[in-house]
Structures are given as C-alpha cells and as structure tokens.
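So the chains spell out like this:
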Amino acid sequence: MKIWLDGGLRDIESARVSVLDHGLTVGDGIFETVKAADGEPFALTRHLNRLSRSARGLGLPDPDHDEVRRACAAVLEANPMPLGRLRITYTGGHGPLGSDRGDQGPTLVVALGETTRRPDSTAVVTVPWTRNERGALTGLKTTSYAENVVALARAHQHGASEALFGNTVGQLCEGTGSNVFVVLDGEIHTPPLASGCLAGITRELAIEWTGARETDLPLDVLQRAEEVFLTSTLRDVQAVHRVDDRELPGTAGPVTAKAMRVFDERSGHDLDP
C-alpha cells in the first residue's frame, strides 16, 4: 500500500505523521472521502471545493488543489483496485499540546482503501444525542469525529448501519456519515443546511438530479414517511428498510428506486459532475 504524505508517495510502513500533529492532539483537521472506481475518482472537483470551504471554516490555509489532485492520481495509480475509498486528510500540522496552532504548516495525507458496493437497502436507528446547528464546526467536514464514532457504534449494536441525529430544536438533521431523504405524498424532501447537516456531495447531486426539496422536518417524520433513503459517497442512494422498530418494505419503494436509477445513470455518464 502506497500513501501520499506531504509531497510524495510513501510505503505504509514508513508513512508517519508526528505525534504532535494538531489533527491528532486536538482534532484540528478536515477530510474528504471520494469514491474511486477502477482508478477514477468521482466528483473530485466538488470534493476539493468542499475541502477548501472546510479549511476556511477552521481558519486553515486553502489546500493546493493541484497538489491534492496529483496526490490522488499517484495514490490511485499505485494501488489499483475495482472500488476504493480515497481519503484526503488535511490538518493543522505540527503544533503545541494545546489549542494554539504551530507555524510549520498543514499536513496532507491521501490514502486509499478497498471497499465493496453497499447493499441496496439498510436499517437505521435514531440516537438521543443532537447535532448543534449553531456550533462552530457546523457544516464543516472535520476530523473531530468522535461523536459519530459513538453514535455509529450504537447503530451497530442495534443491527443497523447508520445512526440518525435530530438537531437542538427537534428537527431531522443527518446521519453520522450520510444525509437523509424522506418521501411524503410522493415527493422527496431532505433537511436544509440550516438544520446543521453537512452539505453532502451526493446529497447535492441527488437534489439536482431528482428535484428533491429542502424542507424543515420534525424528527418523527421518520415514523410516517412513505419511503426513506440515505445518500453518501459510498452509499450513493441507498434505501432504508427499517427505522428503529418501524419496518419499511424490504426493497426500495418506487420513488427511491427511481432516485437510485437516476443517480446510477447520471453518475455513470459524468465522473466529475
């Protein structure tokens, strides 16, 4: 396995980040996960634009998109695989043991892991913790991910692959690593960015390609929606067959099935939409 670290490819055994890197000590970093099929990344331009938005939100220098593209290309070429999870991590770099940043500049890591296509449907649970729609990190894809780790572990304990959060005012928000859509009276709805959810790349494309509406939704909409589906980089569009104790049809409903089909067709025709 070859990993890109600060300017070049390294063997996984020799790729080492300082134990004083701010991304490790205080979670001062951002990342993107990009789907790569047969060595070709999907929607890389949108991912890089979001990486820059997250960097600005944390007050980090803008990442050099040309360098990140070179790093992605080098890692994909060095590690051929049918379907991969390409991870771009960009941190505050070497710093003190505290919240202040150092002055040595950011750390850039690009790594690739093999994955498989997700099942067509999945189960989800809601969790008692909330997303803070007014927080300093709201809408940023940061490496401060422990809250998601805890929630996802709870989902796995209940036989589900994802946990869904409400926000501080009781509205449906997002999953630990996905956006959520519901079908009401045959129309697709998803929480707006003001709910505190991440501006998911697949979410953005699904809205553009299906005409889904951004709507403030109470958390209990999950108990009455006709259909529910998730979107994310590696899920694409994935139907939900169970929400907590509520069973939904085991196969995608008609609206979800159409959204899945449209996404597969559109994404297959344009790798960088």
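Look above for the structure.
Conventions and cut-offs
- Residues numbered from 1 in each chain as written.
- Predicted model: local features only at pLDDT ≥ 70, side-chain atom pairs only at ≥ 80, totals over all residues.
- Heavy atoms only, no water.
- Core = buried A, V, L, I, M, F, W, Y, C linked by side-chain atoms within 4.5 Å.
- Buried < 20%, exposed > 50% of the residue type's maximum accessible area, 1.4 Å probe, protein only.
- Contact = heavy atoms within 4.5 Å.
- Pairing = 2+ DSSP bridges.
- Helix = DSSP H or I, 4+ residues; strand = E, 2+ residues; numbered from the N terminus.
- Axes fitted to C-alpha atoms, helices over the stretch in contact; angles between N-to-C directions.
- Parallel < 35°, antiparallel > 145°, perpendicular 65-115°, else oblique.
- Left-handed = near helix turned anticlockwise from the far one by under 90°.
- Nonpolar A, V, L, I, M, F, W, Y, C, P; charged D, E, K, R; others polar.
- Phe/Tyr/Trp six-rings, centres within 6.5 Å; stacked < 30°, edge-to-face > 60°.

Undergrad: What should I look at first to understand the nonpolar core in this one?
TA: Generally speaking, a soluble globular protein has its nonpolar side chains buried in company with each other. By size, the foremost hydrophobic cluster in this structure holds 24 residues, and its most contacted members are Trp-4, Cys-72, Leu-86, Ile-88, Leu-108 and Val-110. With sequence-adjacent residues up to four places away left out, Ile-88 is seen in contact with Ile-30, Phe-31, Glu-32, Val-34, Leu-44, Leu-48, Leu-51, Val-68, Cys-72, Leu-108, Val-109 and Val-110. If you look at the next biggest cluster of nonpolar residues, it comprises 18 residues, including Leu-205, Ala-206, Ile-207 and Val-255.

Undergrad: Would you take a moment to explain the sheet that holds strand β2 (residues 8–11) for this structure?
TA: Within a sheet, adjacent strands bond to each other through the backbone by hydrogen bonds, running parallel or antiparallel. With respect to topology, 6 strands assemble into an open sheet ordered β2-β1-β6-β5-β3-β4, the strand pairing being antiparallel. Both outer strands of the open sheet, β2 and β4 (40–41), are each paired with one neighbouring strand and no more. Inspection of the sheet shows strand β3 (residues 29–37) paired to β4 by 2 bridges, in the antiparallel sense. Within β4, the residue paired with Ala-36 across the bridge is Pro-41. Packed onto the sheet, helix α2 (residues 44–58) meets β3, β4 and β5 (83–91) and runs at close to 175 degrees relative to β3.

Undergrad: In this structure, what is going on with the packing of α2 against helix α5 (residues 201–210)? I would like to understand it.
TA: The description of two packed helices rests on the angle between their axes and on the distance between the axes. For the pair α2 and α5, interaxial distance at closest approach is 10 Å and the crossing angle is 125 degrees. As summarised for this structure, α2 and α5 are arranged oblique, according to the angle between their axes. In this structure, the crossing between α2 and α5 has a hand that is right-handed. Counted together, Arg-46, His-47 and Arg-50 of α2 and Ile-201, Glu-204, Leu-205 and Glu-208 of α5 form the full contact between these two elements. Looking at the contact of α2 with α5, its residues break down into 2 nonpolar, 1 polar and 4 charged.

Undergrad: Got a minute to help me understand the packing of aromatic side chains in this structure?
TA: Aromatic ring pairs are defined here through the distance separating the ring centres and the angle between the ring planes. Here the structure, examined in full by the defined rule, presents 4 aromatic pairs. Centroid distance Phe-31 to Tyr-145: 5.2 Å. Interplanar angle 80 degrees. Geometry classified as edge-to-face. On the criterion of sequence distance, the pair formed by Phe-31 in strand β3 and Tyr-145 in the loop between β7 (121–131) and α4 (146–157) is long-range, its members being 114 residues apart. Relative to Phe-263, the ring of Trp-209 has its centre 5.3 Å away and its plane inclined at 50 degrees; by these criteria the two rings are tilted. Within this pair, whereas Trp-209 is found in helix α5, its partner Phe-263 is found in helix α6 (residues 254–269), the two being separated by 54 residues in sequence. Overall, the relative accessible area of 2% leaves Phe-263 in the buried class.

All we've got here are geometric facts, nothing functional implied.
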